[in-house]
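Chains, contacts and geometry: an overview
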Protein chains: 2
Amino acid sequence: MSREQRVRRERRGGDKGLKQLPWRQYRNPYKPIEVVSDDQLEAIHQASLRILEEMGIEFLDAEAREILKQKGADVVPGSDRVRLDRHMVTEYVAKAPSQFTLHARNPEHNLIFGKDYINFGSVASAPNVSDLDRGRRPGNFDDYADLMRLCQSLNVVQFIGGYPVEPADRPPSTRHLDAHYAAITLTDKIWHPYSLGRYRIEDAIEMICIARGIDKEQLRREPSLFSIVNSNSPLRLDIPMLQGLMAMARHGQPVVLTPFTLSGAMAPATIGGALAQQNAEALAGIAFIQMVNPGTPCVYGGFTSNVDMKTGAPAFGTPEYTRAALVGGQLARKHGLPYRSSNACAANAVDAQAAYESEMSIWGAVMGHANLILHGAGWMEGGLVASFEKMIVDAEIIQHMGEFLQPLEINDDTLGLDAIREVGPGGHFFGCAHTLARYETAFYAPMLSDWRNFENWRLAGALDTAQRANNLWKQVLRDYTPPALDSARDEALQAFVAKRKEEGGVPA
Amino acid sequence: MSREQRVRRERRGGDKGLKQLPWRQYRNPYKPIEVVSDDQLEAIHQASLRILEEMGIEFLDAEAREILKQKGADVVPGSDRVRLDRHMVTEYVAKAPSQFTLHARNPEHNLIFGKDYINFGSVASAPNVSDLDRGRRPGNFDDYADLMRLCQSLNVVQFIGGYPVEPADRPPSTRHLDAHYAAITLTDKIWHPYSLGRYRIEDAIEMICIARGIDKEQLRREPSLFSIVNSNSPLRLDIPMLQGLMAMARHGQPVVLTPFTLSGAMAPATIGGALAQQNAEALAGIAFIQMVNPGTPCVYGGFTSNVDMKTGAPAFGTPEYTRAALVGGQLARKHGLPYRSSNACAANAVDAQAAYESEMSIWGAVMGHANLILHGAGWMEGGLVASFEKMIVDAEIIQHMGEFLQPLEINDDTLGLDAIREVGPGGHFFGCAHTLARYETAFYAPMLSDWRNFENWRLAGALDTAQRANNLWKQVLRDYTPPALDSARDEALQAFVAKRKEEGGVPA
């Protein structure tokens, strides 16, 4: 969509007062930043293969081990340990496609993952939620729903990364039913079920088929859901995640394999070592998924960061994090896989630290050519809080990055020689024809930044960025209207949820 | 200096409690981000050459026009306008070196400019100053001196970019004498006189020669000072700046030519047009300096940003700014010249906006391979304020970038296979030998970021980043000790200042 079209769309009032950029699929025109040489990259990869061959990975689920055994992996008798030969790993990983499309229930919100495509998602899985008015509190369904409404309304939140906050006041056995129903009805974007056993995945599959009015065969051809598995680093995949990802794979739905390699805690206290372990765990998981169902879309996830060695506190958006995110991209490209990274920070307040850590993360993700950027908007405290204000700050940061990715037009018109001639030395360009012709569209217009001079800003209340974000999310919620959903499908969804609740939901 | 050496240095207490990284000369190991293609870059350059040939530049100083005329430029009779033939521009610009060294009075603070070297400077030229305790106030000498002390103490402030804040309570005719004396005695880093006529430059030359105990011939061989000229965009260089830069050039001291091409105000309302104009003005100034004294080190300055078209307010750290900073680097490399960019923001408070705008600027500067990053620490409100807290926030941001630029070590030791084997599936790395061996040195330790968990952070007072920065700059000032200066040189400097004040300083 051209800038002009965008402006027309904005004038139609489609964005209801929030001066945001329109929905778009982003692509990255720039070459990725490469932190390590080809030789260094190969050394990391070779170390990973040695980990898989010599040490192996624990697959705690018996059915998973049986599949691995059938495919020729070395399942250590009487143990959960599985050793994977390098040729087997390479052979199976190669079966995963390099690109795939996820289908939202609103086809305008479909997203391509792979190559130079970039997609930003919401914060996911925070146990707590916070805003300036109500402070920090445990996750609950009302906040979950409000965050879903924000995700729907903010165009740069292109997919829902999971539960933005855990709706912990709903019973565990049926919580996913409420959460999925809300994701489907409050948004029409791509969402994410958790691989906590097979039943939650199966329920999500049923619900997305109802929501889209399709059968499972069509869902297989046009995947809608993705699930993220954070392996239990080091070197372990537990039963719920394995059963969940087997269910996803059998339905042809994409899985993001993201080892939780926090350097110094769950991985060696060196970024090279953490990356070798990350690569080993990701490849093991992806190879296994390809054994379950060859061709299942997989995403190579990188989440390597480090802890504060003095306290054990996890750190994010550090120089180590940024370099690890960039090398993660190099590894994913080496394997021909789409890449997932994150917008992470460790800050406790929506302040300068939150912004500079998030920027370090997002630059690593974007210039590492991540295709799926999880926790894009709203993540705080190393993932312990979903913040309403941070979601707005991040949306602004993503808008900046999104515009940064737009190509610069260089032609006779934009080079503006006639304007420079007309204005001449010492003049100004405010009133010249070249300026007036692009008065409304010339530059990126932020939704959160305040560019007024100090005196005007002071007279208007001297609101800092977090306070302005507070005003903005409330405005967005006031303006929110739910996306259309066919009433028959809605009734069918409600009936499904009621039936599953009657059955007791997921067995404990 | 290795990480280990650094830690030893820190243990010696040289940094007096501030947990900062040691002084170092930074180099950029990554390939620059290229925003435009070679063809587009050439189109911008060709447009600039047409500006210089067809429209020309106003050189308001008669002596400057005489020099240009002697060298064969087309000086329009009865006018200030000078047209420059493309071959003449290319020929003279080629005389400027691609790299040079600036010599501080403390040789440990010498800096190389060019190639992959990156140097960060302080905020410069702000009319106001601000901190959380005393609020915003007009520039004055006491704050000037305190900011100089911070610049001396913060290792990532590698040079003084100019007057961090204008010491406006000192008389204009002798202000530079007080300011230069303070720069020399409160710091031992590279500093910067303003090209406001020839006399201020001549005084600075005398003073740096006294401070270093050298004569002007040695100063010519080992330049110490640099001055920045912001042309009066569009297409004009005024008398004070021309007389200043002629004085600089005659002493062989580097000049940074930075057109003030604010797109939509002093340049076309298109980034392509603003860049064409920036390139024209920079090349005209640099060609002129080479006419005055061939071989004078010159830096190609880029400062292209845009205004808010609705209000005329200047914006910084925007997506347009970042792309312009990157293209500026492409242009500088095309000309074989060192490149100057900035860490700019428009924010009124030391908050998330200040940080995300500064990050957008600094990523553009670093990945555009800027060699001289002005306003690196302390710049706010589009340059209208020097902020004590922002200087600390920026120092942290620069430390992040500085560590990001360090190569990742990949070898058998860092790949850590033995540690992974030792810890095994499901274990943790806290206590393993590989971790203990690098307990103190494994990761970047921030000076400002707070990584404590929410509860501990809350119990410690819930200080946000600006408040923590407030504590830090006070600590730095408490710990400050002036760098050593030979007492005979100090006396000679004082005598020079007294004599020049007696003479009345600079003629009005």
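Above this text is the structure in question.
Let me begin by describing the structure that accompanies this report. For clarity, every value in this text was computed on a predicted model and none was experimentally measured.

**Examining empty space enclosed by the protein**
Residues and elements named next belong to chain A. Scanning the entire structure with this criterion turns up 6 cavities of 30 Å³ or more. Approximately 50 Å³ is the volume attributed to the largest cavity. Every residue lining the largest cavity is listed: His 103, Ala 104, Arg 105, Ala 183, Ile 184, Thr 187, Asp 188, Lys 189, Ile 190, Trp 191, Ile 208 and Ser 224. Its residues placed into classes, the lining of the largest cavity shows 6 nonpolar, 3 polar and 3 charged.

**Let's talk about the relation of the copies chain A and chain B**
In the superposition of chain A on chain B (RMSD 0.0 Å, axial shift 0.0 Å), the rotation amounts to 180 degrees. Classification of the inter-copy transformation places it as that of a two-fold axis. Rotation axis and chain A: the residue whose C-alpha lies nearest the axis is Ala 352 of chain A, separated from it by 2.1 Å. Taken together, the interface assignments show that 100% of the residues at the interface of chain A recur at the interface of chain B, consistent with an identical surface on both copies.

**With respect to the interface of chain A and chain B**
Chain A puts 108 residues into the contact, and the matching count from chain B is 108 residues. Between chain A and chain B, the buried area comes to about 9400 Å², and carbon and sulfur atoms account for 69% of it. Our enumeration of links across chain A and chain B arrives at 2 salt bridges. Close ionic contact of Arg 421 of chain B with Glu 54 of chain A constitutes a salt bridge, the shortest N to O distance being 3.1 Å. For the interface between chain A and chain B, the tally reads 32 residue pairs in polar contact (both at pLDDT 80 or more).

**Looking at the environment of Lys 115 of chain B**
All names here are of chain B. With respect to the element layout, Lys 115 can be found in the loop between β6 (111–114) and β7 (117–122). For the pair formed by Lys 115 and Ser 263, sequence separation is 148 residues and the distance between their alpha carbons is 28 Å. Not counting the four nearest positions on each side in its chain, Lys 115 is found in contact with Ser 98, Gln 99 and Asn 371. Here the side chain of Lys 115 touches Gln 99 through a polar contact of 3.0 Å, side chain to side chain.

**Observations concerning the pattern of salt bridges**
Overall, the coordinates contain 64 salt bridges over all chains when judged by the stated rule. A salt bridge links Asp 116 of chain A to Arg 27 of chain A, with the shortest nitrogen-to-oxygen separation between them at 3.1 Å. Pair noted here: Asp 116 of chain A is in the loop between β6 (111–114) and β7 (117–122) and Arg 27 of chain A is in strand β1 (residues 26–27), with a separation of 89 residues, a long-range link. In this structure, Asp 80 of chain B engages Arg 65 of chain B in a salt bridge whose closest nitrogen and oxygen atoms are separated by 3.0 Å. One end of the pair, Asp 80 of chain B, is in the loop between β3 (74–75) and β4 (81–83); the other, Arg 65 of chain B, is in helix α3 (residues 62–70), and 15 residues separate them in sequence.

**Looking at the packing of helix α2 (residues 38–55) of chain B against helix α10 (residues 271–292) of chain B**
Residue and element names in this part refer to chain B. Taken N-terminus to C-terminus, the directions of α2 and α10 make an angle of 60 degrees; their axes are 8 Å apart at the nearest point. The orientation of α2 with respect to α10, classified from their angle, is oblique. Regarding α2 and α10, the two cross each other, and that crossing is right-handed. Across from Ile 44, His 45, Ala 47, Ser 48, Ile 51 and Leu 52 in α2, the residues of α10 making contact are Leu 275, Ala 276, Gln 277, Asn 279, Ala 280, Leu 283 and Ala 284. By residue class, the composition of the contact of α2 with α10 is 9 nonpolar, 4 polar and no charged.

Rules behind the numbers
- Residues numbered from 1 in each chain as written.
- Chains lettered and ligands numbered in written order.
- Predicted model: local features only at pLDDT ≥ 70, side-chain atom pairs only at ≥ 80, totals over all residues.
- Heavy atoms only, no water.
- 1 Å grid on protein atoms, 1.4 Å probe; cavity = no way out; pocket = protein on both sides within 12 Å on 5 of 7 lines; lining within 4 Å.
- Points joined across faces, edges and corners; volume = space filled by probe spheres on them.
- Nonpolar A, V, L, I, M, F, W, Y, C, P; charged D, E, K, R; others polar.
- Least-squares fit on C-alpha atoms with pLDDT ≥ 70 in both.
- Contact = heavy atoms within 4.5 Å.
- Buried area = accessible area lost by both parts, 1.4 Å probe.
- Salt bridge = Lys/Arg side-chain N within 4 Å of Asp/Glu carboxyl O.
- Polar contact = N/O pair within 3.5 Å; in protein donor to acceptor, adjacent residues only side chain to side chain.
- Helix = DSSP H or I, 4+ residues; strand = E, 2+ residues; numbered from the N terminus.
- Axes fitted to C-alpha atoms, helices over the stretch in contact; angles between N-to-C directions.
- Parallel < 35°, antiparallel > 145°, perpendicular 65-115°, else oblique.
- Left-handed = near helix turned anticlockwise from the far one by under 90°.

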